[in-house]
Number of protein chains: 2
Amino acid sequence: MADTKILLHERDMPRSWYNILADAPSPPQPPLHPGTGQPIGPDDLAPLFPLDLIMQEVSADPEIPIPEEVLDVLRLWRPTPLYRAHRLERALGTASRIYYKYEGVSPAGSHKPNTAVAQAYYNARAGRRRIATETGAGQWGSSMALACGFFGLECKVYMVRVSYDQKPYRRMMMETWGAAVVPSPSPDTNAGRAMLERDPDSPGSLGIAISEAVEDAATHDDTSYALGSVLNHVLLHQTVIGQEAHRQLDLAGESGVDVVIGCVGGGSNFAGLALPFIRDKIAGADIEVIACEPAACPTLTRGPFAYDFGDTAQLTPLVPMHTLGHDFIPPGIHAGGLRYHGAAPIVSQLLLDNLLRAEAYRQNDVFDAAVTFARSEGIVPAPETAHAIKGVVDAARRADEAGTEQVILFNLSGHGHFDMSAYDAFLHGRLEDHELPEAEIERALRAIEPLPKPASV
Amino acid sequence: MADTKILLHERDMPRSWYNILADAPSPPQPPLHPGTGQPIGPDDLAPLFPLDLIMQEVSADPEIPIPEEVLDVLRLWRPTPLYRAHRLERALGTASRIYYKYEGVSPAGSHKPNTAVAQAYYNARAGRRRIATETGAGQWGSSMALACGFFGLECKVYMVRVSYDQKPYRRMMMETWGAAVVPSPSPDTNAGRAMLERDPDSPGSLGIAISEAVEDAATHDDTSYALGSVLNHVLLHQTVIGQEAHRQLDLAGESGVDVVIGCVGGGSNFAGLALPFIRDKIAGADIEVIACEPAACPTLTRGPFAYDFGDTAQLTPLVPMHTLGHDFIPPGIHAGGLRYHGAAPIVSQLLLDNLLRAEAYRQNDVFDAAVTFARSEGIVPAPETAHAIKGVVDAARRADEAGTEQVILFNLSGHGHFDMSAYDAFLHGRLEDHELPEAEIERALRAIEPLPKPASV
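Residues numbered from 1 in each chain as written. Chains lettered and ligands numbered in written order. Predicted model: local features only at pLDDT ≥ 70, side-chain atom pairs only at ≥ 80, totals over all residues. Heavy atoms only, no water.

Some points on the pattern of salt bridges
If charged atoms from side chains of opposite charge come close, those side chains can pair. Defined as follows: Salt bridges are defined by distance alone: a side-chain nitrogen of Lys or Arg within 4 Å of a carboxyl oxygen of Asp or Glu. Throughout this description, buried means an accessible area under 20% of the type-specific maximum (1.4 Å probe, protein chains only), exposed means over 50%, and partly exposed covers the range between. In this description a helix means any DSSP run of H or I spanning at least four residues, a strand means any run of E spanning at least two, and both kinds are numbered starting from the N terminus.
This structure, assessed with the given rule, holds 60 salt bridges over all chains. Asp424 of chain A is the partner of Arg430 of chain A in a salt bridge, and the nearest nitrogen-oxygen pair spans 3.2 Å. The buried category is assigned to Asp424 of chain A, whose relative accessible area is 7%. For Arg78 of chain B, the salt bridge identified is with Glu103 of chain B, shortest N-O distance 2.7 Å. Taken together, the residues span a long stretch of sequence, with Arg78 of chain B in the loop between α3 (68–74) and β4 (82–84) and Glu103 of chain B in the loop between β5 (97–102) and α5 (113–125) at a distance of 25 residues. Assessed through its relative accessible area of 0%, Glu103 of chain B is described here as buried.

Comments concerning a nonpolar patch on the surface
All names here are of chain A. Definition in use: Nonpolar side chains (Val, Leu, Ile, Met, Phe, Trp, Tyr) within 5 Å and like charges within 9 Å form the patches, drawn only from residues with over 30% relative accessible area and no salt bridge. Only the protein chains shown count as cover for residues, with accessible areas throughout obtained via the Shrake-Rupley method and a probe of 1.4 Å.
Where nonpolar side chains cluster on the molecular surface, the patch consists of Leu51, Met55 and Val58 and spans about 300 Å² of accessible area. Relative to the assigned elements, Leu51 resides in helix α2 (residues 51–58). On the basis of relative accessible area, Leu51 is assigned to the exposed category, the value being 54%.

Let's talk about the side chain of Ser184 of chain A
Residues and elements named next belong to chain A. Selection criterion: We call two N or O atoms a polar contact when they sit within 3.5 Å, provided that within protein one can donate a hydrogen and the other can accept it, with sequence-adjacent residues counted only if both atoms are side-chain atoms. Any pair of residues with heavy atoms lying within 4.5 Å of one another is described as a contacting pair.
Along the chain, Ser184 falls in strand β8 (residues 180–184). Using a relative accessible area of 0% as the deciding quantity, one classes Ser184 as buried. Here the side chain of Ser184 touches Glu212 through a polar contact of 2.6 Å, side chain to side chain. Excluding residues within four positions of it along the chain, Ser184 makes contact with Tyr158, Met159, Val160, Arg161, Pro203, Gly204, Ile208, Ala209 and Glu212.

Observations regarding the confidence of the model for chain A
To be explicit about the condition: Scored from 0 to 100, pLDDT reflects the predictor's confidence in each residue.
Model confidence for chain A is summarised by a mean pLDDT of 94, while 98% of its residues fall at 70 or above. The ipTM value of the predicted complex is 0.96, and its pTM value is 0.96.

A look at the relation of the copies chain B and chain A
Under the convention used in this document: Each copy is superposed on the other by least squares, with the fit set by C-alpha atoms of residues at a pLDDT of at least 70 in both.
Expressed as a screw transformation, the operator carrying chain B onto chain A has a rotation angle of 180° and an axial translation of 0.0 Å, and the superposed copies differ by an RMSD of 0.0 Å. On this basis, the relationship between the two copies can be described by a two-fold rotation axis. A shared interface surface links the copies, since 100% of the contact residues of chain B are contact residues in chain A too.

Some details on the side chain of Arg128 of chain B
With respect to the helices and strands, the residue Arg128 of chain B is situated in the loop between α5 and β6 (130–135). For Arg128 of chain B, the contacting residues outside a window of four places in its chain are Ala46, Pro47, Leu48, Phe49, Pro50, Asn123, Leu153, Asp221, Asp222, Thr223 and Ser224 of chain B.

Comments concerning the pairing of strand β12 (residues 305–309) of chain A
Regular strands place their side chains on alternate faces of the sheet. Residues and elements named next belong to chain A. The condition that has to hold: By the convention used here, strands pair only if DSSP detects at least 2 bridges between them.
Extensive coverage of β12 is indicated by the burial of four of its five residues. In this structure, β12 lies alongside strand β13 (residues 318–322), joined through five bridges in antiparallel fashion. Residue pairing across strands places Phe305 opposite His322, the latter belonging to β13.

Here we look at the sheet that holds strand β7 (residues 154–160) of chain B
Residue and element names in this part refer to chain B. We apply this condition: Note on method: axes are straight lines fitted to C-alpha atoms, helices fitted across the in-contact stretch only, with angles between N-to-C directions ranging 0 to 180 degrees.
Pairing is parallel in the open sheet, where four strands are placed in the order β8-β7-β6-β9. A single partner strand is all that each edge strand has here, and the edge strands are β8 (180–184) and β9 (223–225). Direction aside, the axes of adjacent strands within the sheet are offset by 25° on average. Relative to β7, β6 is paired through six bridges, and the arrangement is parallel. Paired with Thr135 across the strands is Met159, a residue of β7. Sitting on the sheet, helix α6 (residues 139–150) is in contact with β6 and β7, with an inclination near 165° to β6. Contacts from helix α8 (residues 168–176) reach β6, β7 and β8, with the element oriented near 170° to β7.

Quick word on the interface of chain B and chain A
For clarity, the cut-off: Take the accessible area each of two parts loses on contact, using a 1.4 Å probe, and add the two losses: that sum is the buried area.
If you look at the interface, chain B gives 48 residues, while chain A gives 48 residues. When the two sides are added together, the surface that chain B and chain A hide from each other amounts to roughly 4,100 Å², 53% of it contributed by carbon and sulfur. Seen at the junction of chain B and chain A, the total is six salt bridges. Close ionic contact of Glu10 of chain B with Lys5 of chain A constitutes a salt bridge, the shortest N to O distance being 3.5 Å. Here chain B is connected to chain A by 27 residue pairs in polar contact (both at pLDDT 80 or more). Where the side of chain B that touches chain A is concerned, the elements lending two or more residues are α3, α4 (86–92), α6, α8, α16 (363–377) and α18 (420–427) of chain B. The greatest single-element share of the side of chain B that touches chain A, amounting to six residues, is contributed by α8 of chain B.

Focus on the sheet that holds strand β14 (residues 357–361) of chain A
Backbone-to-backbone hydrogen bonds join strands into a sheet, with any given pair of strands oriented parallel or antiparallel. Residues and elements named next belong to chain A. One open sheet holds the seven strands; their spatial order is β1-β4-β5-β15-β10-β11-β14, and the pairing between them is mixed. Edge positions in the sheet fall to β1 (5–6) and β14, since each of these pairs with one other strand and no more. Pairing between strand β11 (residues 288–294) and β14: five bridges, direction parallel. Bridge pairing in β14 links Ile290 to Arg357.

Observations concerning unusual backbone geometry
Between Arg78 of chain A and Pro79 of chain A the backbone carries a cis peptide bond, its omega angle lying at -10°. Secondary-structure assignment places Pro79 of chain A in the loop between α3 (68–74) and β4 (82–84). Put simply, Ser184 of chain B and Pro185 of chain B share a cis peptide bond, and its omega is 10°. Positionally, Pro185 of chain B belongs in the loop between β8 and α9 (190–198).

Section: the environment of Leu251 of chain B
Residue and element names in this part refer to chain B. Inspection of the secondary structure puts Leu251 in helix α12 (residues 240–251). With 243 residues separating them along the chain, Leu251 and Leu8 place their C-alpha atoms 9.2 Å apart. If we skip the residues at most four places from it in the chain, Leu251 touches Ile6, Leu7 and Leu8.

Re the packing of α12 of chain B against helix α13 (residues 268–282) of chain B
To characterise two packed helices, one gives the angle between the axes of the helices and the distance between these axes. All names here are of chain B. Using the following cut-off: For a crossing to be left-handed, the near helix must be turned anticlockwise from the far one by less than a right angle; the clockwise case is right-handed. Residue type decides the class: Asp, Glu, Lys and Arg count as charged, Ala, Val, Leu, Ile, Met, Phe, Trp, Tyr, Cys and Pro as nonpolar, and the leftover types, Gly among them, as polar.
Here α12 crosses α13 at 60°, and the two axes come no closer than 6 Å. Here α12 and α13 pass one another in a crossing that is right-handed. Taken together, the residues of α13 that come into contact with α12 (itself represented by Ile241, Gly242, Gln243, Ala245, His246 and Leu249) are Gly272, Leu273, Pro276, Phe277 and Asp280. In the contact of α12 with α13, the residues fall into six nonpolar, four polar and one charged.

Right, here's the structure in full:
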């Protein structure tokens, strides 16, 4: 029988990140300054990010070298294993061959440290002493806490208060790695104090937490802001995933891949796996690329392509992306990492260019797929990741119905050790499907002014 | 720089378990029937265990082949990586080289599935349809739930009620893998009903839960009992750990190892790593083997070698072991897996024979070592495992003080994702040291009648 795990030696880690902007058919549309409406330049971003990251954000180089210092941390868990899902294939009764890249082996349990480590490194090299960031359920905050520790940076995490109170384990993990964590809104910033004055019992939101972290960075010379998805440089850092998977599929004896699947919130784990394969697709390979999202937050399947704010409080630049509007508040699904109103500009543009397509699933269908996976492969996936698994189940069924044997690859972006209550709700019939009323989507969409389609499409 | 991770291919998994009883200098003393005082035979155990496991319990063969069906499941996560702890070495400023075998990569997060899978396989092959077992904090129960699923067995877990109520995530994990979990004492057994009649609000104990699981197995023809530590066959199944580590140290270019370290509750993760190296020691190699235990439950450092019951309710055979007495109730330290009054007969005998030694540590010192590890290597260790890390920190310091460079190997037996509240207590100064009053130890010891030392010692 073919191997279960295809491993790479750490000397075979990719030595550079892959920049899709060098190959994409449409040029990226620039972020705009919300005040002037003009494209923003490096100077506008300098208070928030170190120059190296700003230059990566706008680079057109196809390959950007990964610093040795970053590789030296990544090899604590990279290269990650590629699994052949023999047992899942048997459970589904499919003739297709299913592979998954397991990013949950990082100490923080997801793909997020791939970029957190790079961001911490560049900030340390630029002489910054502190990072301020926000976190919802805690995946990103814990990854940044871990990464800051490796480079001697202080880390301040503004954690959405409702998560801080209800999901204390992630907070404890961040503190174990040395970060300072406060519930947001906090009394530590003007934005937080203003919110607390209006509502001392505010449960907080990602929008408020972003405002606090951005203000912290903007008002401390030694401090940078860090974001865990959406931006070009974040997606860039995640391309180690797809580059490794590419090599591992070769080692598994596969001459190619038919379907590449990932879940999308901001888009970083999806892009990390998919971009190196979309390069092949641009060069002529016949690959189906599927982005999986919740029906409760159907950014790619329903949202128009428009300039919109990245945050609720309208502090960020205007970003070109598929969006449900910065005021859109998705229902409280368990896949907290997918509850984002927009999608990364790179992913949004590739969707416009028909280089990927999107599917949206209901929560109970997603957990049904996740339990099938846990009972066949053992690993309990994160609720976010479970959307990709639902995509795989559907893709395998389509292939079987068409009488074809396909090679299906997906990103198992994280484990669900801190999300077991979602499984509990599903197994005991208490999980809601949160179908979004059509009227609510239409109301959200009416507030958005779509961009004209670029000439190349 | 030397590699961080030393990986083995799954084709290099050990093909047999190593049985120390073939090489140990003292013959094992047999378990006794509590009624007759006579050595128990296979017939006494047949209602609880399948014959294959009973024969492994008493085998004198040095190598016992691992069935292909077991290997086929183990390779979902085995061979596990051996890490060179470069960053921990730098954090300690030691000249020694530290290696750790990381067993937390299993889906259940610890070494426990190594034996759970084997036990499930032999039970399925014997035609049993169900497994009944107990669990405290949930490590063992979740491993057995996982393993039963792979072999189509039903799994019933009696979970100590206080854990069932306070640590729901492990219960949810077991249910995700398909197990039925009840709080113990439960209304499902005579033992449970009797206890509930006396105290409807009983918090339960491992002793009661064992009684329930044993009764369940003894009263259902299709059901076996399963134990996660202490017994010979359980330690046997764990020897894949040490055999892999042996090969990986060779690959790392080490000509030998100076110190081998593990934490001991029942003794299975410690033995799994150490036994293949104790084989070398018996053959003349100069290796220090250190068993690390909590000062709050100092079984090996303070307990005499005696025949004692494995459980509080006196249902099990009398087992020859270092013990604090079956009535001993250790303080509520966070390392729940180390709160056992006895130690495995094999480990106990090897201690008598001076083939290993034991050290006991206070809880705050243990967590101090654990946080040093988490901040240098990234992985957050389980509280049990943290005892081994404290042992490593001390061993490295001793080597540096003596001016020697040693090769130190330890078992990182599990991650702490479900134990973060222990870190929280430590980081916020709320962790107790639970020093056991000398009078309490002496009172426990007075109740035990030590065995005469065997003639060979």
